[in-house]
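Structure at a glance
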Amino acid sequence: MLRIMSVVAQIKASAVKAIASLYNVELQEKDILVNATKPEFKGDYTIVLFAFVKQLKKSPDALGNELGNKLISENSELFSSFNIIKGFLNLSITDSYWNHFLQLQYHNEHFGIQPSNGKKVMVEYSSPNTNKPLHLGHLRNNFLGWSIAEILKASGYEIVKTCIVNDRGIHICKSMIAWQLFANDATPESTGIKGDHFVGDYYVKFNDEYKKQVEALKATGVSQDEAEREAPIMKAAQQMLVDWEAGNAEVIELWKIMNGWVYNGFNTTYQRIGSNFDKTYYESNTYLLGKDLVESGLQKGVFFQQEDGSVWIDLTADGLDQKIVRRKDGTSVYITQDIGLAEQKQKEFGCDQSIYVVGDEQNYHFKVLKLICQKLELPSADQIYHLSYGMVELPTGKMKSREGTVVDADDLVDEMVNIAQQKTIELGKVKDFTEEELQQLYDTIGLGALKFFLLRVDPKKKMIFNPEESIDFHGFTGPFIQYTYARIKSILRKSGTDAVSAIDGYSSSLLPLEKELVILLETFPSIIEEAATEHDPSKVSIYVFNLAKTFNSFYAEHSIANAETESKKTLRLQIARFTAQVIKTGMSLLGIHVPERM
RNA sequence: GGUCCCGUAGUUCAAUGGAUAGAAUAGAAGUUUCCUAAACUUUAGAUACAAGUUCGAUUCUUGUCGGGACUACCA
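Residues numbered from 1 in each chain as written. Chains lettered and ligands numbered in written order. Predicted model: local features only at pLDDT ≥ 70, side-chain atom pairs only at ≥ 80, totals over all residues. Heavy atoms only, no water.

**Description of the overall build of chain A**
Regarding its fold elements, chain A presents 22 helices and 14 strands. Projected onto its principal axes, the C-alpha coordinates of chain A cover approximately 90 × 65 × 40 Å. Looking at chain A alone, contacts between residues at least 24 apart form 74% of all its contacts between residues at least 6 apart. Here chain A has roughly 28,200 Å² of accessible surface; of this, 50% comes from carbon and sulfur atoms. Treating the 64 positive side-chain charges of chain A as one cloud and the 78 negative ones as another, the clouds have centres 4 Å apart. (Helix = DSSP H or I, 4+ residues; strand = E, 2+ residues; numbered from the N terminus. Contact = heavy atoms within 4.5 Å. Areas by Shrake-Rupley, 256 points an atom, 1.4 Å probe, with all protein chains shown as cover. Lys, Arg positive; Asp, Glu negative; His and termini not counted. Charge placed at Lys NZ, Arg CZ, Asp CG, Glu CD.)

**Describing the packing of aromatic side chains**
Two measures describe an aromatic ring pair: the distance that separates the ring centres and the angle between the ring planes. Tallied over the entire structure, the rule returns 24 aromatic pairs. Measuring from centroid to centroid gives 5.0 Å for Phe111 and Phe578, while their planes differ by 70°, and the two rings are edge-to-face. With a gap of 467 residues between them, Phe111 in the loop between α4 (95-105) and β5 (120-124) and Phe578 in helix α22 (residues 566-589) connect regions that are remote in the sequence. Between the aromatic rings of Trp244 and Trp255, the centroid separation amounts to 5.2 Å while the plane-to-plane angle is 70°, which identifies the pairing as edge-to-face. Of the two residues, Trp244 sits in helix α10 (residues 232-246) while Trp255 sits in helix α11 (residues 249-273), which places them eleven residues apart along the sequence. Each member of the pair, Trp244 as well as Trp255, carries the same accessibility label: buried. Members of the aromatic cluster, connected to one another through ring pairs, are Phe101, Phe111, Phe524, Tyr543 and Phe578. Taking the ring centre of Tyr287 as reference, the NZ or CZ of Arg168 above it sits at 3.9 Å. Over the ring of Tyr202 we find Lys205, and its NZ or CZ is 4.6 Å from the ring centre. (Phe/Tyr/Trp six-rings, centres within 6.5 Å; stacked < 30°, edge-to-face > 60°. Buried < 20%, exposed > 50% of the residue type's maximum accessible area, 1.4 Å probe, protein only. Lys NZ or Arg CZ within 6 Å of the ring centre and 35° of its normal.)

**Things to note about the nonpolar core**
Ranked by size, the top nonpolar core spans 155 residues in total, and within it Ile47 and Ile583 carry the most contacts. Broken down by element, this core gets its largest block of residues, eleven residues, from helix α17 (residues 435-455). Every residue in contact with Ile583, bar those within four places of it in the chain, is listed here: Ile481, Thr484, Tyr485, Ile488, Val544, Leu547, Ala548 and Val594. In terms of nonpolar packing, the next biggest core, distinct from the first, is built from 25 residues, Val294, Val333, Phe366 and Leu371 among them. (Core = buried A, V, L, I, M, F, W, Y, C linked by side-chain atoms within 4.5 Å.)

**As for the environment of Leu104**
Locating Leu104 in the fold gives a position in helix α4. Sequence separation between Leu104 and Val368 is 264 residues; the distance between their C-alpha atoms is 50 Å.

**Considerations on helix α3 (residues 60-74)**
In an α-helix, one turn spans 3.6 residues; hence positions three or four apart end up facing the same way. Its 15 residues give α3 an end-to-end C-alpha distance of 21 Å, which sits within 8% of 21 Å, the value for a rise of 1.5 Å per residue. The inward-facing, buried residues of α3 abut α1 (7-23), β2 (45-48), α2 (50-56), β3 (79-85) and β4 (88-93). (Expected span 1.5 Å × (residues − 1).)

**Focus: empty space enclosed by the protein**
Considering all chains together, one arrives at three cavities of 30 Å³ or more under this definition. The volume enclosed by the largest cavity comes to roughly 90 Å³. As for the largest cavity, its lining consists of Met122, Ala342, Lys345, Gln346, Cys351, Gln353, Ser354, Tyr356, Ser380, Gln383 and Ile384. Contributions of two or more residues to the lining of the largest cavity are made by α14 (334-349) and β11 (353-359). (1 Å grid on protein atoms, 1.4 Å probe; cavity = no way out; pocket = protein on both sides within 12 Å on 5 of 7 lines; lining within 4 Å. Points joined across faces, edges and corners; volume = space filled by probe spheres on them.)

**A few points about the sheet that holds β4**
Pairing is antiparallel across the open sheet formed by four strands, whose spatial order is β1-β2-β4-β3. Two strands bound the open sheet, and with one partner strand each, they are β1 (34-36) and β3. Averaged over all neighbouring strand pairs, the angle between strand axes comes to 30°, with direction disregarded. Direction of pairing for β2 relative to β4: antiparallel, over a ladder of four bridges. Its bridge partner being in β4, Val48 is matched across the sheet by Phe88. Sitting on the sheet, α3 touches β2, β3 and β4, and the angle it makes with β3 is about 175°. (Pairing = 2+ DSSP bridges. Axes fitted to C-alpha atoms, helices over the stretch in contact; angles between N-to-C directions.)

**Some points on the confidence of the model for chain A**
Per-residue pLDDT for chain A has a mean of 92; in total, 98% of the residues score no lower than 70. Prediction confidence for the complex, expressed as pTM and ipTM, is 0.95 and 0.96 respectively. (pLDDT = per-residue confidence, 0-100.)

**Comments concerning the protein's contact with RNA strand B**
The environment of RNA strand B is formed by 61 residues, the closest being Leu33, Glu283, Asp308, Lys429 and Tyr483. Considering RNA strand B, the proportion of its atoms within 4 Å of the protein that are sugar or phosphate atoms stands at 59%. Between a base nitrogen of RNA strand B and a main-chain N or O atom of Tyr555, the distance comes to 2.5 Å. The set of elements that each furnish at least two residues to the surface near RNA strand B consists of β2, α2, β4, α14, α16 (409-427), β14 (463-464), α18 (478-495) and α21 (538-557). Class assignment of the residues belonging to the surface near RNA strand B gives a composition of 27 nonpolar, 15 polar and 19 charged. (Near = heavy atom within 4 Å. Polar contact = N/O pair within 3.5 Å; in protein donor to acceptor, adjacent residues only side chain to side chain. Nonpolar A, V, L, I, M, F, W, Y, C, P; charged D, E, K, R; others polar.)

**Focus on the layout of surface pockets**
One number sums up the size of the second largest pocket: a volume of about 1,100 Å³. Along the wall of the second largest pocket there are 35 residues; nearest its centre are Ala36, Tyr45, Ile519, Leu520 and Thr523. Those elements giving two or more residues to the lining of the second largest pocket turn out to be β1, β3, α19 (512-522), α20 (524-534) and α21. Looking at the lining of the second largest pocket, the element that brings in the most residues is α20, giving six residues. Residue composition of the lining of the second largest pocket, by class: 14 nonpolar, eleven polar and ten charged.

**Observations concerning the pattern of salt bridges**
Scanning all chains against the criterion turns up 26 salt bridges. Ionic pairing is found between Lys568 and Glu514, a salt bridge with its closest N-O pair at 2.7 Å. Taken together, the residues span a long stretch of sequence, with Lys568 in helix α22 and Glu514 in helix α19 at a distance of 54 residues. Using a relative accessible area of 13% as the deciding quantity, one classes Lys568 as buried. Salt bridges here are not isolated pairs; linked through shared partners, they connect Glu514, Glu564, Lys568 and Arg572. (Salt bridge = Lys/Arg side-chain N within 4 Å of Asp/Glu carboxyl O.)

Below, the structure is given as structure tokens:
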């Protein structure tokens, strides 16, 4: 595939060359700051001169003039003119360059997609517990994981998507106990309740009953602590965990049945939101991993043993605390499992990087995990990358299941799809669609709105979701971009896309909005690159929105089908087709579909 | 107590140390004989506070005030 250097890269390269020949000074391309020129000034791209004024011992104006003249004389096919304002060298790119670029790329369906670079990256995301259904936080996690995987794929990496299911532990036993006590053999089938919700309901029932028992005990005069320890239902759950670990057949059987219900529910949700994994790990299989590493760590002197037999690592020299890695009863803890799992993944897939999409509440955990792996000199150590994302919060603060303020994933998806349906019917533009096509359209729009809402924000930052106000379908939203796409496709259908052909000579001049669009389109590959290196899908979201917005202005200002001349019509059709292509690719990097009509 | 993160229009979000801090939404005023008005155009509105570094600070440093996370022999 033909790879063209981006305009910005060309500007940097030619500036380095010009400065070398003018002043005999060797600069690096990264030393040269090139920005898009602000709209109030003439030009397309701007070189900021201050950075090397001192080094070259020139006044900004003199430097700008000499550099500007040199650039134009050496690169006449690229630069048409320049001006200098207060230390900023504004460069205009020739229309013929933009035309040439457009002719080369407008029909390229893989524009922005890099060929394989031979490297493999693992992305772990979702990581649900099997005692309750998925919620809004899981959605952000899933969409981020999916999008990062797509963005890295587009950057040339091979991707392995994994999920670790937390399917064992006291919380699962709580649901199981409550089911035994209160269900009277009810099942998701008998009640018609989705499996994960069904099991989640018993988890809630457990907590209700537990609370009652604690209160009852306290009424008899025991302390809060003791009541919490002695509540019969809690003791039953703890006993069940012991039985599970001992392999008690009856308990294991029930555990399998209830987890099966939950997996059915999860699968429905994953399918609905378009998420999947290449490999799913289950903690019931991995929780014993890492034990042997504790032994070797002890021998290497990385870990130390306390008198009670528990094993620790001292990270105080690294500014962290002491951390336990094996309990006194010999069982391993969460972090030990994670060390073992990291090694397991490494052996199984041999990836160059392993990305964990996990909330920022676990920043400390991953810092410790990486550090321990490094101290143990494990091959997996340097591949660990924690893609830490902020929590989704309500205006009132954190979502709390105990207070019933959790926004359920299935409910939210349903709500979004319903709104999409309602608005589509109101507008009445697709009355000829079949029922199946309509359902698909509602899903596309509803999920598009939801995914875009969660992916338009910098992943590192926490974000606020207000359940009182539904997610918007206007403005900086998924449906806005989908609508722009559908509009373009409509134009192309009416004109016949095959009619688009090369225009004569690359000489036709571009109107401001035409040029703005071509310039934006040209930056798409570098946006993907930036999103990949920063692990930040919001870069793509913002870009695609700006592209759609610019196209809509263009569309309102200039007619495509009834353009002034035939060559203008061809040019605009090419721009429109190219824009649609980039919107489609960009949205696919976010896991969002675009409709042909809406 | 310790470690870390965050304070930008009424609200939700942008801004690799660069020009007059961008958008969206809510507000005000407009646009439909013509390619989809889920659109377009115009308008008003913000860097918590105080010092410092710099030609230049939302961005870097320090302090103050406010908010949050983590600091489990839970996962």
